[in-house]
Amino acid sequence: MKAVLRVLCLAFSILCVSCADKQPSAPDFGTDYLVSQNIGDPVEGLPWITDLHIADLDQDGLLDVIAAEGRLNKVMWIRQVAVNEYVEQVIGQPIAGPSHIKTADIDADGDLDVLVAGMGIVTPNNDSIGSVVVIENRGEGRFTNRTLVDKTYRVTYVEAGDLDGDGDQDLVVGKFGYFEGEIQWLEQVGPWEFKAHTLLELPGTIHAPIADIDNDGDEDILALVSQNWEDVYRFENTGDGDFSSSVIYGSTIKDYGSSGLTVADLDQDGDLDLVYTNGDGFDYGIPGSRPWHGVQWLENTAGGTFSYHRLGDFSGSYSPVVVDIEGDGDQDILAVSGFNDWSTDDAVSFLLYENTGSERFVAHVLAYAPTHLVVLDAADMDGDGEVEFVTGGMYFYPPYKHLSRVTLWDRSPTP
């Protein structure tokens, strides 16, 4: 009888092992989870990639990367000519201090134009040297600059959306300035004609994304305002392009270092939340990390209020991106570091906050190098059903090690 039981137990254990082998294993997040490669031109000197944006600019079915070089005053199209094969070219004419990029069909001709926020110069300045430029896509690889706004405060953000519900593309413009600045929306009143409406007269705008934050069918504006304020604003669209403003979160730390804001339904309850980073170091006498740097989530709760959640510390954190990295239905958060203590080998440059369920987040280090990463975007670049990432390096302060320019990050091949 005992022999029979031993045989049955052995058979059952083999069956269990076989079943376990068939179960999908959880990703082993760590510094081996992603592999990186430079795309576009090689690294030369000290790159200043101030922004990048993933879009299919030539509409050939392959996603491209559009990037801004703030030191060299140029916008580059890193075109994917075949899967995982990239060729770079400069588009449009030089733009002084390009700092932010988006794409939209501004002239409704069926192709994507490139919207560029120009700071004039990236480093602090209060002169009227900013601009809003659209690099018009004329087809067949031809591009022409159209300057919509110039001789204004340094511009750090521009995005398109139908803000007045009339069917054409308007713009929201964030002017960081220095001692002076503002947020405006530009109403499109005719082909390449825009009328300015001021929403806020304060310096320090970092990002001002457009989204229907209250689910009422029209487009609202959210804004992260740094400098002396460190506030998150909501500009609620009350209809026909009229907006009411309110502060939905503010830090009491004067040099909190607000650095990035994105909109996503993080808890998947049907409304949009905000994820933002604070890790900026431009204003410090000695650039680098501060103990209050990190990543946070503003949960959109009932009645139009927002609940603050600190997700974790991350020195120099920038450019939050929300994606389902595992394909498990939960929304995860990634961010990069632009201002860390790069003199140490354990300064993190790329971090994942894994959503383990019920909006509980666990931090995983994805990379220590390259360093000085200030921008991040994500998309399925090669059509394999998994999300890849693109980062940009900006080498503003030493030590200048582990340099990168525009980097594509993909999953490590399974053995």
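Calculation notes
Residues numbered from 1 in each chain as written. Predicted model: local features only at pLDDT ≥ 70, side-chain atom pairs only at ≥ 80, totals over all residues. Heavy atoms only, no water. Core = buried A, V, L, I, M, F, W, Y, C linked by side-chain atoms within 4.5 Å. Buried < 20%, exposed > 50% of the residue type's maximum accessible area, 1.4 Å probe, protein only. Helix = DSSP H or I, 4+ residues; strand = E, 2+ residues; numbered from the N terminus. Contact = heavy atoms within 4.5 Å. Pairing = 2+ DSSP bridges. Axes fitted to C-alpha atoms, helices over the stretch in contact; angles between N-to-C directions. Lys, Arg positive; Asp, Glu negative; His and termini not counted. Salt bridge = Lys/Arg side-chain N within 4 Å of Asp/Glu carboxyl O. Polar contact = N/O pair within 3.5 Å; in protein donor to acceptor, adjacent residues only side chain to side chain.

A. Main features of the nonpolar core. One finds Val65, Leu334, Phe350, Phe389 and Val406 to be the most contacted residues of the largest nonpolar core, which totals 43 residues. Ranked by the residues each element gives to this core, the list is headed by strand β27 (residues 373–379), at 6 residues. If we skip the residues at most four places from it in the chain, Leu334 touches Ser319, Pro320, Val321, Val323, Ile325, Phe350, Leu351, Leu352, Leu366, Leu376 and Phe389.

B. Quick look at the sheet that holds strand β28 (residues 388–393). Strand order across the open sheet formed by 4 strands is β1-β29-β28-β27, with antiparallel pairing between neighbours. Looking at strand neighbours, the two that pair on one side only are β1 (34–38) and β27, the edges of this open sheet. Ignoring strand direction, the axes of neighbouring strands in this sheet form an average angle of 25°. In this structure, β28 lies alongside strand β29 (residues 406–411), joined through 4 bridges in antiparallel fashion. The residue of β29 that forms the bridge with Gly392 is Val406.

C. Fine view of the pairing of strand β7 (residues 113–118). Most of β7 is tucked away: 6 of the 6 residues are buried. Residue alternation in β7 divides its side chains into two sets, Asp113, Leu115 and Ala117 and Val114, Val116 and Gly118, and both sets are buried. By the bridge criterion, 6 bridges tie strand β6 (residues 98–104) to β7 in an arrangement that is antiparallel. Across the sheet, Ile101 pairs through a bridge with Val116, a residue of β7.

D. View of the sheet that holds strand β20 (residues 273–278). If you trace the 4 strands from one edge of the open sheet to the other, you get β19-β20-β21-β22, paired in antiparallel fashion. If you trace the sheet from one side to the other, it starts and ends with β19 (258–264) and β22 (306–313), each paired once. With strand direction ignored, the average angle separating the axes of adjacent strands in the sheet is 20°.

E. Just the side chain of Glu187, in detail. With respect to the helices and strands, Glu187 occurs in strand β12 (residues 182–190). Buried and unpaired, Glu187 has Lys195 as its nearest opposite-charge partner, separated by 5.0 Å. Apart from residues lying up to four places away in sequence, Glu187 is in contact with Asp164, Asp170, Glu193, Phe194, Lys195 and His197.

F. Main features of the environment of Ser251. Mapped onto the fold, Ser251 is located in the loop between β18 (242–250) and β19. Put simply, Ser251 and Tyr33 are 218 residues apart on the chain and 34 Å apart in space, counted from C-alpha to C-alpha. In contact with Ser251, not counting residues within four places along its chain, are Trp229, Glu230, Asp231 and Tyr256. Here Ile253 takes part through its backbone nitrogen, which lies 3.1 Å from a polar atom of the side chain of Ser251.

G. Main features of unusual backbone geometry. Ala369 connects to Pro370 through a cis peptide bond whose omega is 0°. Considering the arrangement of structural elements, one finds Pro370 in the loop between β26 (361–367) and β27. The omega angle of the peptide bond from Pro398 to Pro399 is 5°, so this bond is cis rather than trans. By the secondary structure assignment, Pro399 is in the loop between β28 and β29. Unusually for a residue other than glycine, Ala108 sits at a positive phi of about 55°. Relative to the assigned elements, Ala108 resides in the loop between β6 and β7. Of the residues examined, Ala108 reaches a relative accessible area of 67% and is grouped as exposed.

H. Molecular detail of the pairing of β18. By the bridge criterion, 8 bridges tie strand β17 (residues 231–239) to β18 in an arrangement that is antiparallel. In the strand pairing of β18, Phe235 is matched with Ser245. Counted between consecutive antiparallel strands, the loop separating β17 from β18 contains 2 residues, among which Asp240 sits at a positive phi close to 60°.

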